[in-house]
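A look at the structure
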Amino acid sequence: LRPELCPPSGASKGDVREKVWDYLEASGLADFPRPVHRRIPNFKGSPQACCSIKELDVFNRASEIKVDPDKPLEGVRLAALQARKTLLVPTPRLRSGLFNKIVPPSGATKEILRICATSQGIKEYSVPVGLDGKARVDLVVVGSVAVSEKGWRIGKGEGYADMEYAMMVSMGAVKEDTPVVTIVHDCQVVDIAEELLDDHDLTVDYILTPTRTIKTNCKRPKPQGIIWHKVSYEMLAKIPILKSLRYKEKQTGKDVTLQDEHPDLANANKPAALNAKAMAGNTRPQAAMGSTQIGQQYVESDSLSPRLEGSGMITTVYVGNIPPNIRVSELKCALREFHATPLKVNWQGAQHRAFLDYKDKAAAESAVSSLKGLSLGGNTLRVELAKNQRNKGQAWIKNLPLGSCAQPHGAR
């Protein structure tokens, strides 16, 4: 451990990050992309550090590996592809789901595999893995800004690696004993005070550097799932798949109260996670959710008034890819849960679709934003503004009120 990198007593996570970033740049160890500040830093020697993963039993035994998209982990992604393992890479900032699976073209050459391991290759040679994709991850590889020999890790401060792991726990994609590996330069291995760690922080089991392989024997428990009281409306809006996971966990009876719904927590212990701009600047959390006002009595009806019908204001949202086993009551419950209650539901279950009527375009667009990424019955629903706003379809349509989530007798 370099003395100049040993954090002083009372140093924050931010202090540790700045010391490491500054040292990498000043010592000439930083590599493209530069500067390394605000990133999981790439460093000279990262290919050698990545290469040593092939010597780990946990890598050789693994068939499905999740590797973060950071530049210094490129060599691990290449090693996984060369070993014909299933490679999962989180989507950038979790905007469009959780994972992409890298699928090299048939008969891919070494050069093509090398491209597949890059950020460009991830875009060109990947397919999304849905919430119910039944991923079973055998090994997790994350980037770090700093890590201690005890396995305590500090990321770049946005919380994505911690959130990805918590989401994988919620999905059943990882177990308690799923090993976690990080790749860093030797200078990034520093002392980290235990009081800096929180219960949502991910720890690591192996640290690979250009010169060493460190088995941490870390006994600190990894996150047991999503800690909902640390999730804000803003995070929920930024990460659509979180909405689906929250809905699923609520259905099983778990407490999914958000940070903003805890008066005593809303302004305390606010994590820097996910670049959360202070919610004080967002006095209308319902805007982040893309919803009508939270807590208000919703206007619900089974038919539109003639005044509204003839006003030209009604805007319809198309919901497709509805599984055949889903009942209209389940869709209604989801709409209420995501604060996207329409004036009317036109249910076409036999065609695996529904049309939702909203009072105007703004309300409809807000609903589309709120419902983005929603998964029901194993399918991620397709949600968009209907293409023909006045033609509601010639097929038989059943109009149903949204007054209750109770299952109507015989409704499907």
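Going by the structure above, here's the rest.
This is a predicted model, so every value here is computed, not measured.

**Re the overall build of the chain**
- Counting its secondary structure elements, the chain contains 13 helices and 17 strands.
- Within the span of the chain, comprising 412 residues, buried residues form 51% of the whole.
- The long-range share in the chain, meaning contacts at least 24 apart out of those at least 6 apart in sequence, stands at 69%.
- In the structure as shown, the chain presents an accessible area of about 19100 Å², 50% of it carried by carbon and sulfur atoms.

**Focus: the sheet that holds strand S9 (residues 206–208)**
- Ordered by their spatial adjacency, eight strands build an open sheet running S4-S3-S2-S1-S5-S8-S9-S10, and the pairing between neighbours is mixed. Looking along the sheet, the strands with just one partner apiece sit at the ends: strand S4 (126–129) and strand S10 (213–215). Strand-to-strand twist of the sheet, defined as the mean angle between neighbouring strand axes without regard to direction, takes the value 25°.
- Alignment of S9 against S10, held across three bridges, turns out to be antiparallel. Looking at S10, one finds that Leu208 is bridged to Thr213.
- Strands strand S1 (64–67), strand S2 (86–90), strand S3 (99–102), strand S5 (139–143) and strand S8 (180–183) of the sheet are contacted by helix H4 (residues 74–82), whose axis makes an angle of about 150° with S2.

**Some points on the nonpolar core**
- Within the largest apolar cluster, 49 residues are counted, with the highest numbers of intra-cluster contacts made by Ile53, Leu139, Val141, Val181 and Ile183.
- When sequence neighbours within four positions are dropped, the list of residues in contact with Val181 reads Ile53, Leu56, Leu139, Val140, Val141, Val142, Tyr206 and Leu208.
- Among the nonpolar cores identified, the runner-up in size contains 39 residues, and Met163, Met168, Met171 and Trp228 belong to it.

**Concerning the packing of helix H9 (residues 240–251) against helix H12 (residues 328–337)**
- Two numbers describe how H9 lies on H12: the axes approach to 11 Å, and their chain directions differ by 115°. H9 and H12 meet at a crossing whose hand is right-handed. Of H12, the residues touching H9 (which contributes Arg246, Tyr247 and Lys250) are Glu330, Cys333, Ala334 and Glu337.
- Grouping the amino acids of the contact of H9 with H12 by side-chain chemistry returns three nonpolar, no polar and four charged.

Rules used throughout
Residues numbered from 1 in each chain as written. Predicted model: local features only at pLDDT ≥ 70, side-chain atom pairs only at ≥ 80, totals over all residues. Heavy atoms only, no water. Helix = DSSP H or I, 4+ residues; strand = E, 2+ residues; numbered from the N terminus. Buried < 20%, exposed > 50% of the residue type's maximum accessible area, 1.4 Å probe, protein only. Contact = heavy atoms within 4.5 Å. Areas by Shrake-Rupley, 256 points an atom, 1.4 Å probe, with all protein chains shown as cover. Pairing = 2+ DSSP bridges. Axes fitted to C-alpha atoms, helices over the stretch in contact; angles between N-to-C directions. Core = buried A, V, L, I, M, F, W, Y, C linked by side-chain atoms within 4.5 Å. Left-handed = near helix turned anticlockwise from the far one by under 90°. Nonpolar A, V, L, I, M, F, W, Y, C, P; charged D, E, K, R; others polar.

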